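Residues per chain are reported as follows:
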Amino acid sequence: MKTVRVACAHDCPDMCSLIAQVDGDRITKISGDPDQPFTAGFACAKVNRDAELVHSPERLKTPLRRTGPKGSRQFEAVSWEEALDEIEAKWKAIIAQSGPLALLGYAYSAHQGQMNRHIVNGLFYAMGTSRLQAGTVCDSCCETAWDLTLGPVGGADPESVVDSDLVIAWGCDLMAVNVHFWAKLEIARKRGVQVVVIDPRRSRTAVSADWHLPIRIGTDAALALGIVHILVRDGLCDRAYLAANTLGFDQWERETVPRFTPDYVSDVTGLPVADIEKLAAMYGAAKRSFIRIGEGMTRLARGGQALRAVATLPAVTGAYGRPGGGALLLTAGSMDFNFSAVRKPSGPAATRLVNQTLLGRELLEMNDPPLRALFIAANNPAVTCPEAGKVREGLARGDLFTVVHDPFMTDTAAYADIVLPATTYLETEDFYRGYGNYYMQYSPAAVAPQGEAWSNFRLAQELARRMGVVDPVFAKTQKEILPEFFRGSTGAVAAVEPSSLFDGVPVKAAPPAGQSFATPSGKLEIYSQALADQGVPPMPDWQPDEQEVADAGKWPLRLLTAPSYFQPHTAFSGVAFLRQREGEPFCVLHPQDAAQRGLANGAKVRLFNERAAIGLLLKVADDVQPGVILVPGQRPGTEAVDGTVNMLCSDRLTDIGEGASYQSTFLDVEAWETRA
Ligand SMILES: Nc1nc2c(c(=O)[nH]1)N[C@H]1C(S)=C(S)[C@@H](COP(=O)(O)OP(=O)(O)OC[C@H]3O[C@@H](n4cnc5c(=O)[nH]c(N)nc54)[C@H](O)[C@@H]3O)O[C@H]1N2
Ligand SMILES: Nc1nc2c(c(=O)[nH]1)N[C@H]1C(S)=C(S)[C@@H](COP(=O)(O)OP(=O)(O)OC[C@H]3O[C@@H](n4cnc5c(=O)[nH]c(N)nc54)[C@H](O)[C@@H]3O)O[C@H]1N2
Ligand code: SF4
Ligand SMILES: [Mo]
């Protein structure tokens, strides 16, 4: 029996340091590292079960070749050599006939190790294929909007929340996605600090907080502007901070803020005037208020405006200038590593971009040349991409050669010509940096690859060799690559000596307290010339969205999708315990809406709109407001009554950052039997 210190590679802001107990080639237990201050000795409920993920009986054991129609899940086992020979021959033939643009590599975030994460896309980058515009299903809207406002810099250090005097979880379900931040915030709470949650549903975080404001979906910009309106009215702005550190406040105050009277904001957000007044007064009185901004509220048509409005608030009170104050969306902006060393090792400066959110559409419509070969690793787009029906239609194309690399048979892999067994992170060596804290860590593998599984890193290197891609990263070890990441880095990261990380001890590299700005003006840009140039409102604003208004006229309910507690996306669907813990895929409807439709708790229901119809179980609860239907998580079609939530969501892009707009989906629900 031995213990190995590793980093958690799941897509999660906390990037915990973990202790793996290993007996021979088996992991017997995973727990949180007591010596990493943010992890503070505990892992989340999901990762406590990661021994079961690694040793799940459902793991793919060998490479597979398709024998039946696409989607039918009929495969035969083949050797790695046979599988790789076929991939190499097909890719070379397609490139000879149609050029490299006919290929697309599709890999994103399920392995947060920077080698295993980026090397797959690095391979395709070097080959000059069509390129994935990655992250648009997740954070490209909020991140772009943040960068336009503050510049590409990380937000407040989450560990500084212990010094805050007010905490707001704004559209962020801390209990699901950021449990270690919640633990830190509890320390502040012991001093009597209030925790406010602004979220359309009564999440677990909302239940545990001091005050929950059930805001109407997509109206956060209006609430933020309403707060600014009251701060201006009551003389609670930090004028000196604004003058020294922001651009455009005067014009905003003159032209936009006056419209957002408490009455108007109440109409828009559905919150009582008294609550808006109370929130603004609390925010105005606080000196070191900390806003943890979630990503979910920006995954809708005007999500970029919402982010910009909320991220401006700490400038209005000067909280950005004080330790314990400010806002945190992501920290990664201040972790200045040269990941291009792996992500862009060589290759033409520009090729053709495929937006991750538009995968289905591009598989069906892209021409000159059409996409003919697709390689998917660490993603399950048949479930997690909007227009999931179109994704499946595209994957079903007879003339598309698809390879999927995954530890498990997924809804996406079901459509592959070749499926390759992948390792989990616990079988890989890698380098990590948090995106919700300021730690970095070098992590060894806890156990050897299970069965015939290969890591992303090994597979990309072997495919590079076969395809004649000779960049050094495809021949180096992880330890040899690490120093490349530090080349040219600045700030706190530059002070770290890469080889000092090889002992596996987590290292913190936080920027100094007090928010810095890295916009063209060096100030927080309330007025953004870059947005004005793109024809987007240059100052944070809230206006009704015409398409949403039209859709709301056709359909009585609005979809709220939110992280689930035990099945984040589909990454843990191979763990039977966690599947059961989460329960069968379900939706939540307010008792009033359920009664109107004669639907009872536990019933099978059909959720439908012009795009699709799917089947889920119904929970009747007042966790959501009337007019909203909540679907937690994105679950595989194989687990649900029928289909998956993203079949209902359009691939419309957000106002800023070309992201997905799941939350701008309108629909209705009926008894499953109605059309059975
Ligand atoms: N347990 C768990 N952990 C996860 C994930 C998971 O799915 N489950 N996902 C991982 C990933 S990929 C990411 S990107 C991160 C971040 O994960 P995100 O998906 O960005 O989660 P949140 O930031 O909590 O944002 C979701 C919250 O926003 C709320 N919300 C939705 N619309 C609105 C709105 O219009 N206004 C307001 N105010 N709130 C709204 C939802 O009700 C929900 O509580 O977490 C990671 N960690
Ligand atoms: N409706 C709706 N849809 C959403 C969201 C939402 O809020 N609402 N959230 C969006 C967000 S934030 C995100 S990030 C995406 C996530 O969407 P995806 O990136 O598709 O995430 P997962 O479903 O977790 O799929 C990850 C896959 O990678 C596999 N995997 C795990 N580790 C490895 C590895 O090391 N190597 C390889 N090759 N494979 C591995 C897992 O088994 C799993 O099949 O979903 C988005 N979709
Ligand atoms: S909280 Fe996040 S980083 Fe920590 S163990 Fe769980 S999934 Fe991993
Ligand atoms: Mo994400």
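Quantities reported herein were computed from a predicted structural model and do not represent experimental measurements. (Residues numbered from 1 in each chain as written. Chains lettered and ligands numbered in written order. Predicted model: local features only at pLDDT ≥ 70, side-chain atom pairs only at ≥ 80, totals over all residues. Heavy atoms only, no water.)

Description of the pattern of salt bridges
Which entries qualify depends on this criterion: Put simply, a salt bridge is a Lys or Arg side-chain nitrogen that is within 4 Å of an Asp or Glu carboxyl oxygen. For helices the rule is a DSSP run of H or I covering at least 4 residues; for strands it is a run of E covering at least 2, with both sets numbered from the N terminus onward. Burial status follows relative accessibility: with a 1.4 Å probe on protein chains alone, a residue under 20% of its type maximum counts as buried, one over 50% as exposed, and anything between as partly exposed.
As enumerated under the stated definition, the model contains 46 salt bridges in all. Note that R466 and E81 form a salt bridge whose closest N and O atoms lie 3.1 Å from each other. Placement of the pair is R466 in helix 18 (residues 456-467) and E81 in helix 2 (residues 80-98), with a sequence separation of 385 residues. Between D545 and R652 there is a salt bridge, with its nearest N and O atoms 2.8 Å apart. With a gap of 107 residues between them, D545 in the loop between helix 21 (529-534) and helix 22 (546-554) and R652 in the loop between strand 26 (628-632) and strand 27 (666-671) connect regions that are remote in the sequence. Take R652: its relative accessible area is 29%, and that puts it in the partly exposed class. A single network of salt bridges, built from pairs that share partners, joins E81, D85, E88, K92, E462, R465 and R466.

Considerations on the packing of aromatic side chains
Which entries qualify depends on this criterion: Pairing of aromatic side chains here covers Phe, Tyr and the six-membered ring of Trp, requires ring centres within 6.5 Å, and sorts the geometry by plane angle: under 30 degrees stacked, over 60 edge-to-face, intermediate tilted.
Under the counting rule described, the total for this entry stands at 16 aromatic pairs. Both rings, one in F181 and one in F290, keep their centres 5.3 Å apart while their planes meet at 45 degrees; by these two values the pair is tilted. In this pair, F181 sits in helix 6 (residues 179-189) while F290 sits in strand 12 (residues 289-293), placing the two residues 109 residues apart along the sequence. Classification of F181 by relative accessible area gives buried; the value is 0%.

A look at the sheet that holds strand 18 (residues 430-433)
This is how it is decided: For two strands to be treated as a pair, DSSP must find at least two bridges joining them.
Read across the sheet, 3 strands follow the order 18-19-20 without closing on themselves; strand pairing throughout is antiparallel. One side of each edge strand has no neighbouring strand; the edge strands of this open sheet are strand 18 and strand 20 (507-508). In the sheet, strand 18 pairs with strand 19 (residues 439-443) via 4 bridges, with the strands oriented antiparallel. Bridging from a neighbouring strand, F431 pairs with Y442 of strand 19.

Some points on the nonpolar core
What counts is decided by this rule: Residues grouped as a nonpolar core are buried Ala, Val, Leu, Ile, Met, Phe, Trp, Tyr and Cys residues, joined through side-chain atoms within 4.5 Å.
If you look at the biggest cluster of nonpolar residues, it comprises 62 residues, and the most contacted ones within it are W146, W170, L223, I293 and Y320. With 9 residues, the top contributor of residues to this core is helix 8 (residues 220-233). Formed by 51 residues, the second largest nonpolar core is a distinct cluster that contains L60, A594, A612 and V631.

Quick notes on the sheet that holds strand 1 (residues 2-7)
Rules: For helices, the axis comes from a line fit to the C-alpha atoms of the stretch in contact; other axes are also lines fit to C-alpha atoms, and the angle between any two N-to-C directions lies between 0 and 180 degrees.
As summarised here, the arrangement of the 3 strands in space is 1-2-3, forming an open sheet in which the pairing is antiparallel. Looking at the sheet topology across the chains shown, the edges are occupied by strand 1 and strand 3 (26-32). Averaged over all pairs of adjacent strands, the angle between strand axes in this sheet comes to 30 degrees, irrespective of strand direction.

Concerning the domain arrangement of the protein
Frequently, the measure chosen for interface size is the accessible area removed from exposure when the parts meet. Quick note on the threshold: Domain delimitation follows an automatic or database domain assignment. For this analysis, residues touch if any pair of their heavy atoms sits within 4.5 Å. Summed over both partners, the accessible area (1.4 Å probe) lost when two parts come together is defined as the buried area. Under this definition, polar contacts are N or O atom pairs within 3.5 Å; protein pairs additionally need one hydrogen-donor-capable and one acceptor-capable atom, and for neighbouring residues in sequence, both atoms have to be side-chain atoms.
Split into domains, the protein comes out as domain 1 (2-54), domain 2 (64-136 + 354-498), domain 3 (156-329 + 519-533) and domain 4 (546-674). The C-alpha-based centres of domain 3 and domain 4 are spaced at 28 Å. Counting from both sides, the interface comprises 22 residues of domain 3 and, opposite them, 24 residues of domain 4. Taken together, both faces of the contact between domain 3 and domain 4 bury some 1,900 Å²; the carbon and sulfur share is 57%. Of all residues in domain 3, the largest losses of buried area upon contact with domain 4 belong to R201, I217 and A301, amounting jointly to 35% of the total for that side. The interface formed by domain 3 and domain 4 includes 2 salt bridges. Close ionic contact of R202 with D623 constitutes a salt bridge, the shortest N to O distance being 3.3 Å. Taken together, domain 3 and domain 4 are joined by 12 residue pairs in polar contact (both at pLDDT 80 or more).

With respect to helix 6
Burial runs high along helix 6: 8 of the 11 residues are buried. Every buried residue of helix 6 is listed here: V179, H180, F181, W182, K184, L185, A188 and R189. In the core, the buried residues of helix 6 are packed alongside strand 8 (166-170), helix 5 (174-177), strand 9 (194-198), helix 7 (204-208) and strand 12.

A word on the site of ligand 2
Note the cut-off: Proximity is defined per residue: if any heavy atom of the residue lies within 4 Å of a molecule or strand, that residue is considered near it. Residue burial considers only the protein chains on display, and all accessible areas are found by Shrake-Rupley using a 1.4 Å probe. Any residue outside Ala, Val, Leu, Ile, Met, Phe, Trp, Tyr, Cys, Pro, Asp, Glu, Lys and Arg is labelled polar, Gly included; the first ten of those are nonpolar and the last four are charged.
As a structural note, the neighbourhood of ligand 2 is formed by 27 residues, with N379, N380, T384, D406 and T570 the closest of them. Taking T423, its main chain carries an N or O atom lying 3.5 Å from an oxygen atom of ligand 2. Considered on its own, ligand 2 offers 910 Å² of accessible surface; in the complex 95% of this is hidden by protein. Taken together, the residues of the shell around ligand 2 sort by class into 11 nonpolar, 13 polar and 3 charged. For the shell around ligand 2, the two domains that each supply at least three residues are domain 2 (64-136 + 354-498) and domain 4 (546-674).

Comments concerning the site of ligand 1
Surveying the vicinity of ligand 1 reveals 34 residues, the closest of which are D173, D199, G218, D220 and R299. Within the backbone of A176, an N or O atom sits 2.9 Å from a nitrogen atom of ligand 1. Between an oxygen atom of ligand 1 and a main-chain N or O atom of G296, the distance comes to 3.2 Å. Only helix 5 and strand 22 (557-562) provide two or more residues apiece to the shell around ligand 1. Taken together, the residues of the shell around ligand 1 break down into 19 nonpolar, 7 polar and 8 charged.

With respect to unusual backbone geometry
Of note, the bond from D368 into P369 is cis; its omega dihedral lies within 30 degrees of zero at -10 degrees. Secondary-structure assignment places P369 in the loop between helix 15 (359-365) and strand 15 (373-377). The phi dihedral of R73 falls on the positive side, at around 65 degrees, and the residue is not glycine. With respect to the helices and strands, R73 occurs in the loop between strand 4 (64-66) and strand 5 (75-77). Even without glycine at this site, E387 takes up a positive phi of about 55 degrees. Mapping E387 onto the fold places it in the loop between helix 16 (381-384) and helix 17 (388-395).

Considering the UniProt feature "domain: 4Fe-4S Mo/W bis-MGD-type" (unreviewed entry) in the protein
Going by this rule: UniProt positions are given in the numbering used here, feature names are shortened, and annotations may be inferred rather than shown by experiment.
Sites flagged by UniProt as "domain: 4Fe-4S Mo/W bis-MGD-type" (unreviewed entry) map to residues 1-58. Each end of residues 1-58 is marked by a C-alpha atom, and these two atoms are 25 Å apart; helix forms 9% of the span and strand 34%.

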